[in-house]
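The primary structure of each chain is shown beneath.
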Amino acid sequence: MAKIEKRLPFWQRESFTPFVLLFPAILTLVLVVLLPLLFSLYTSFTGYRLIRPDSLYNFVGFRNYERIFTDWDFWVAFGRTVLFLTIALNLEFLFGLGIALLINRITWGQRTLRTIMMFPMMFSPILVGYQFKFIFNDNIGVLNNALQSLGLSDGAIPWLVDKHLAMGSIIVAEVWMSTSIFAILLLAGLFAMPRDPLEAAKVDGCNPWQVFRHITLPFLMPFAFIAMTIRSLDVARAYDIVDVMTGGGPAGRTELLWTLIARVGYDNSRMGQANAMAYVSILLSIAFTYYFFRKLIAARRYMGGAN
Amino acid sequence: MAEIKLQNVVKKYGQLEVVHGIGLDIAHNEFVVLVGPSGCGKSTTLRMIAGLEEISDGTISIGPQVVNELPPRKRNISMVFQNYALYPHMSVRENLGFGLKIAKQPEAVVADRVREAAEILGLEELLERTPAELSGGQRQRVAMGRAIVRHPEAFLFDEPLSNLDAKLRVQMRTEIKKLHQRVKTTVVYVTHDQVEAMTLADRIVVMKDGWIEQVGTPMEVFNHPLNTFVASFIGSPPMNLIDAQITGDKIRLSDGTHLPVPERLENHVREGQEVVFGLRPDDLTPQGHGIAENGHRASVELTVELAELLGTETILYTRINGSEVLGKMFDPRDVSPGERMTFNISLDKVHLFDAQTQKSVRLG
Amino acid sequence: MSSALKKRIGKAVTWALTFLLMLIICMPGLWVVLTGFRPNREVLAKPAVWIPEELSLNNFAQIFGFGAEQVAIPVPAYFTNSLIIALTSTAIAILIGMSGGYAFARFRFRFKDGIFLGLMLSRTVPGIALSLPVFMIWSRIGLIDTKPGLIIVYVALNIPFTIWLIDGFFRQIPKEMSEAAQVDGCTRWQAFWKIEFPLARSGIASAAIFAFLTSWNEYALASQLTRSTDSKTLPVGLMDFTAQFTIDWAGMSAMAVIIIVPALILTFIVQKHLISGLTFGGVKG
Ligand SMILES: Nc1ncnc2c1ncn2[C@@H]1O[C@H](COP(=O)(O)OP(=O)(O)OP(=O)(O)O)[C@@H](O)[C@H]1O
Ligand SMILES: [Mg+2]
């Protein structure tokens, strides 16, 4: 290779082409994501407040991190976020699996059902939040109205105000919005499933549950992990939902890491501290994504589909 | 007017060298077949000629021109791919005319040449269809049509028949042969099927692990393999290879059988030399069932373990000192397993290879 | 129980569950749509009015400024902003993504996996976390509350996923297509536009729709980077309603309908390609 390549300037060499093609993408991401993140990393070591621009040069070392790590509210929000993600992702997987299996059984009108199933995926999270805020409204919400009209309850249930109910309501909205990505990918997995192993297992005397457990489910796992990976790319969309439904309230009972960042950064204008929290949230997202991406790679290898 | 010359051509993928400095002269209008087992570098070599792979070292020239740094489009060659690579979004007519259209030929010329190619290949009825509406054989024909419309200097084929079923393969093989006789051009054809190689080639190039093992006409390669690899690769069923030693004027096979050293090889062997004795199944025939039973012969007594009926002939499986040896029975009769038969060996057809170098003793 | 009966029951259960599922998916949205056509008075009524007595386009007329009462929320401006920002950022992201996706699909190069992972990880940064430094920098260089400011951010947001999808679509096209075209006399550039691009076109279109929806629906960044009618988008504008003391549920629902409708139509168009794009990119690696 060397002998011929040396005659061409480096940017014309075949081996350089991919980098030329990737240059715009990399440049954009460096400018819009990487550099700002480096800047915010710097800011997280300063006492920067929006209202006092000169505080940008006020270097405080690890004080912001110390402060957030000793802040009880932060840890509560952090724990609540992890719990929220765990519950939501698991529910989404379970419901998605159920829906995929259900729709796989239907032969008539399946295409239409699949399309309808995709709709929530395309909803703006802010709309999902609004929609459920409207449904769960204690005064004029459909849910309370329906309960009252049916005589199941006479008072107004404070869905978005009560400590436990509010979090539950937000999880409902989140699950409603994101289950379809699981359902759709798992359904695609069911379609791609080869028939031979299923039939072989039946001939070998497995009952339907065993077939599902030992043949279908392992085959579907890579598809579930794609869904998980895609989902973990934008888990923080939940911020939109919470912001419109409860705004993190009442009294911080639905505060997630992301709403806390917004409050500290913009409302309290403590940018340094907010950036420190933002870093924690970024690491959290990366951890989730990386975890599922690894599982995806492993599952793919297991299936022998990788090349 | 294109002869193709490869000089010391090397291909490396990073550190991995997959073609090790091969040289090859292909004459104008010659039909050359590259043959060898999977992964030996046939496709890589062909793709370097086409300009689809960079050459790591050496030179390739087409006609008078060194083409090392020319992109494929400037080499004036055509290529037929294993999976045809027809453009799925174009009709057969558009597929055929695409190259000419790119070259900005006037429409009348394009139409003419497409008609000509369609006629040669019997595609007239199919011109308006898309590739998806064609059978495998028809697709194959369109791919060849696309190659001939441009009147290139050379055709390159990369296993063009391997996606077809056995019967169609034989049919298309003859069509390719006829096509070559009709549109005289240089052809480089890659296959791993030695029957295809034998039937099509003016010259065969046998490759292995990125090296050229032998170049020659089909008869040369078949009758005078230069080493045990070529001997066992060309010909079906493959040549029997048996360990042996030269003792006096005899060849002592590993089971103790003594055979005379053929006259023509006498000067090529030394006393005590370890050799590999090669004999094609066609030349190991039960008494009374050979083709031409004259010339020098020896005979051995062998037990038939299995008989495989092919109709006009039967393959007989026997064993010499534990290793399997195949014979052929022409004008066959029923043979039962376990039967002991006397086999004739045509001494004129015996091959001897040096055990150490695996090369024909005639070479050294 | 006979097996025929068992089968019948199984079928009935399947259908009942499916019906319930569709109800859960469709009802919330439909209720919002319905509300968009009802007067606020009826929405707030106690006890609840279940059968709408009055349906009209009043809410829509009003938020677009044609109604009798003036609404303080400039929806037409938001709508235009949303459209311009989403379309522009999609077009740019697709061009960049096409070039990047092609590189991943067709070339082997050093650090390939690393670069791919890096691109994907850049997408994991939560919008709100990214908004902090972008807000600070944009304020300094005057991009805050401008359309270009938001467009640039959305391009960056869309690139990783666009590359993922388009990589998958190009991979489905055998490399030999482009090679055949090159042997046929094309430059690599011509081979791309004449052969590979037309074959990947529907896939690229669905990637574009996906990118459009991401920009169209985005809230976390837009809510911090926009201020006024110069650049505010529909999702941010929707929150204007909640800032008031009494929520205008009917008006808000009408605005929600305006945000939903394009999304639904586009989803309908892309659904098939999107599924194959996602699974292909993921499973075949
Ligand atoms: N892009 C590549 N990177 C690294 N190694 C490669 C690459 N392409 C091919 N090789 C290696 O080069 C060698 C020769 O490959 P080539 O495709 O020429 O084989 P072939 O003789 O055509 O085999 P087949 O009959 O299977 O088509 C193989 O060992 C292959 O693994
Ligand atoms: Mg090959």
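Residues numbered from 1 in each chain as written. Chains lettered and ligands numbered in written order. Predicted model: local features only at pLDDT ≥ 70, side-chain atom pairs only at ≥ 80, totals over all residues. Heavy atoms only, no water.

Chemist: Describe the overall build of chain C, listing the residues and the values that go with them.
Modeler: Counting secondary structure elements, chain C contains twelve helices and zero strands. Counting helices and strands in the order they occur from the N terminus, chain C gives α-α-α-α-α-α-α-α-α-α-α-α. Taking 285 residues into account, the globule formula puts the C-alpha radius of gyration at 19 Å, and chain C, at 24 Å, lies well above it. Taken along the three principal axes of its C-alpha coordinates, chain C extends 75 × 75 × 35 Å. For chain C, with 285 residues in total, the buried portion stands at 57%. When the accessible surface of chain C is split by element, carbon and sulfur atoms take 67% of a total near 11,800 Å². Where the 23 positive side-chain charges of chain C centre and where its 15 negative ones centre are 12 Å apart. (Helix = DSSP H or I, 4+ residues; strand = E, 2+ residues; numbered from the N terminus. Rg over C-alpha atoms; globule rule 2.2 N^0.38 Å. Buried < 20%, exposed > 50% of the residue type's maximum accessible area, 1.4 Å probe, protein only. Areas by Shrake-Rupley, 256 points an atom, 1.4 Å probe, with all protein chains shown as cover. Lys, Arg positive; Asp, Glu negative; His and termini not counted. Charge placed at Lys NZ, Arg CZ, Asp CG, Glu CD.)

Chemist: Please set out the overall build of chain B residue by residue, giving values where relevant.
Modeler: Scanning chain B from terminus to terminus reveals eight helices and 21 strands. Structurally, chain B occupies a C-alpha span of about 75 × 45 × 35 Å along its principal axes. A separation threshold of at least 6 residues defines the contact pool for chain B, and within that pool the share at least 24 residues apart is 67%. Total accessible area on chain B stands at roughly 16,300 Å², and carbon and sulfur atoms take up 48% of it. Here chain B carries 40 positive and 48 negative side-chain charges, and the mean point of each set is 6 Å from the other. (Contact = heavy atoms within 4.5 Å.)

Chemist: Run through the domain arrangement of chain C, naming residues and quoting values.
Modeler: The extent of an interface is frequently quoted as the accessible surface area lost upon association of the parts. All names here are of chain C. Taken domain by domain, chain C comprises domain 1 (3-58) and domain 2 (75-278). Just the C-alpha atoms count here: the centres of domain 1 and domain 2 sit 33 Å apart. Opposite the nine residues of domain 1 that make contact, domain 2 presents eight residues. Of all residues in domain 1, V32, G36 and N40 bury the most surface against domain 2, accounting for 55% of the area lost on that side. Joining domain 1 to domain 2, the criterion identifies zero salt bridges. At the surface where domain 1 touches domain 2, the tally comes to zero residue pairs in polar contact (both at pLDDT 80 or more). (Domains from an automatic or database assignment. Buried area = accessible area lost by both parts, 1.4 Å probe. Salt bridge = Lys/Arg side-chain N within 4 Å of Asp/Glu carboxyl O. Polar contact = N/O pair within 3.5 Å; in protein donor to acceptor, adjacent residues only side chain to side chain.)

Chemist: So, the interface of chain B and chain C: which residues are in play, and what are the values?
Modeler: On the side of chain C, 17 residues touch chain B, which itself brings 20 residues to the contact. For the pair chain B and chain C, the summed buried surface comes to about 1,700 Å²; carbon and sulfur atoms form 67% of the total. At the junction of chain B with chain C, the criterion picks out three salt bridges. The closest approach of N and O atoms between E179 of chain C and R47 of chain B, which form a salt bridge, is 2.6 Å. At the junction of chain B with chain C, the criterion picks out seven residue pairs in polar contact (both at pLDDT 80 or more). Looking at the side of chain B that touches chain C, the elements that each hand over two or more residues are β6 (77-80) and α2 (92-102) of chain B. Taken together, the residues of the side of chain B that touches chain C break down into twelve nonpolar, four polar and four charged. (Nonpolar A, V, L, I, M, F, W, Y, C, P; charged D, E, K, R; others polar.)

Chemist: Residues and numbers for the pattern of salt bridges, please.
Modeler: Residues and elements named next belong to chain A. In total, this model carries 21 salt bridges over all chains according to the counting rule given. One salt bridge in this structure joins D234 and R231, with 3.7 Å as the shortest N-O distance. In the salt-bridge network here, residues are joined through shared partners; they are E92, E174, R231, D234 and R237.

Chemist: Got a sec to walk through the sheet that holds strand β4 (residues 57-62) of chain B? Specific residues and values, please.
Modeler: Residue and element names in this part refer to chain B. Taken in spatial order, the four strands of this open sheet run β2-β1-β4-β5, and their pairing is antiparallel. Of all the strands in the sheet, the pair left with one neighbour each is β2 (16-26) and β5 (65-66). Together, β1 (4-13), β2 and β4 form the strand contacts of helix α1 (residues 42-50), whose direction differs from that of β1 by roughly 115°. (Pairing = 2+ DSSP bridges. Axes fitted to C-alpha atoms, helices over the stretch in contact; angles between N-to-C directions.)

Chemist: Can you lay out unusual backbone geometry for me, pointing to particular residues and giving the numbers?
Modeler: All names here are of chain B. Here the amide bond leading from S236 into P237 is cis, since omega sits at -10°, within 30 degrees of zero. Tracing the sequence through the fold places P237 in the loop between α8 (228-233) and β11 (240-247). With a phi angle near 50°, N321 is a residue other than glycine that sits in the positive phi range. Along the chain, the position of N321 falls in the loop between β18 (313-320) and β19 (323-330).

Chemist: Outline the environment of V190 of chain B, supporting the account with residue identities and numerical values.
Modeler: Residue and element names in this part refer to chain B. By secondary structure assignment, the location of V190 is in strand β8 (residues 186-191). For V190, a relative accessible area of 0% corresponds to the buried category. Counting along the chain gives 31 residues from V190 to E159, while the straight-line C-alpha distance between them is 5.3 Å. With residues near it in sequence (within four places) discarded, V190 still touches L34, K42, S43, L46, F157, D158, E159 and P160.

Chemist: Which residues make up the interface of chain A and chain C, and what values do they have?
Modeler: Tallying the contact residues gives 94 residues for chain A and 93 residues for chain C. Here chain A packs against chain C, burying approximately 8,200 Å² in sum over the two surfaces, 79% of which is carbon and sulfur. In terms of surface lost to chain C, no three residues of chain A exceed M122, Y130 and Y266 of chain A, which account for 9% of the buried area on that side. Where chain A meets chain C, there are zero salt bridges. Connecting chain A to chain C are eleven residue pairs in polar contact (both at pLDDT 80 or more).

Chemist: Requested: an account of the site of ligand 1, with residues and values cited.
Modeler: Neighbouring ligand 1 are Y13, V18, S38, G39, C40, G41, K42, S43, T44, E159 and H192 of chain B together with R108 of chain C. More than a single chain frames ligand 1: its nearby residues are located in chains B and C. At 3.0 Å from an oxygen atom of ligand 1 is found a main-chain nitrogen or oxygen belonging to G41 of chain B. Contact with the protein chains removes 66% of the 640 Å² of surface that ligand 1 exposes when unbound. (Near = heavy atom within 4 Å.)

Chemist: If you had to explain the pairing of strand β9 (residues 203-208) of chain B to someone new, which residues and values would you point to?
Modeler: Examined bridge by bridge, strand β3 (residues 31-35) of chain B and β9 of chain B share four bridges and lie parallel to one another. Pairing of V33 of chain B across the sheet is with I204 of chain B, part of β9 of chain B.

Chemist: Break down a nonpolar patch on the surface for me, citing the residues and quoting the values.
Modeler: Taken together, the side chains of L5, I9, V13, L17, F19, L20, L23, I24, M27 and L30 of chain C make up a nonpolar region of the molecular surface, amounting to roughly 910 Å² of accessible area. Tracing the chain through its elements places L30 of chain C in helix α1 (residues 3-36). (Patch = residues over 30% accessible without salt bridge, like charges linked within 9 Å, V, L, I, M, F, W, Y side chains within 5 Å.)

Chemist: Hey, could you go over the nonpolar core for me, with residue numbers and the actual values?
Modeler: Judged by nonpolar contacts, the single largest core of 231 residues is most densely connected at M245 and W258 of chain A together with F170 of chain C. V110, V114, L126 and V230 of chain B belong to the second largest nonpolar core, which has 43 residues in total. (Core = buried A, V, L, I, M, F, W, Y, C linked by side-chain atoms within 4.5 Å.)

Chemist: So what about the packing of helix α7 (residues 147-171) of chain C against helix α9 (residues 188-217) of chain C? Which residues, and what values?
Modeler: Residue and element names in this part refer to chain C. Their axes nearest at 9 Å, the elements α7 and α9 cross at an angle of 140°. Classed by the angle they form, the pair α7 and α9 counts as oblique. Between α7 and α9 lies a crossing of right-handed hand. Taken together, the residues of α9 that come into contact with α7 (itself represented by Y154, N158, F161, T162, L165, I166, F169 and F170) are F192, E196, A200, G203, I204, S206, A207, F210, A211, T214 and S215. A class-by-class count of the residues in the contact of α7 with α9 yields twelve nonpolar, six polar and one charged. (Parallel < 35°, antiparallel > 145°, perpendicular 65-115°, else oblique. Left-handed = near helix turned anticlockwise from the far one by under 90°.)

Chemist: Residue-level account of the packing of helix α6 (residues 125-136) of chain A against α1 of chain C, with values.
Modeler: At a minimum axis distance of 10 Å, the contact between α6 of chain A and α1 of chain C shows a crossing angle of 80°. Considering their axes alone, α6 of chain A and α1 of chain C lie roughly perpendicular with respect to each other. On α1 of chain C, the residues touching Y130, Q131, F132, F134 and I135 of chain A of α6 of chain A are P28, G29, W31, V32 and T35 of chain C. Considered class by class, the residues forming the contact of α6 of chain A with α1 of chain C number seven nonpolar, three polar and no charged.

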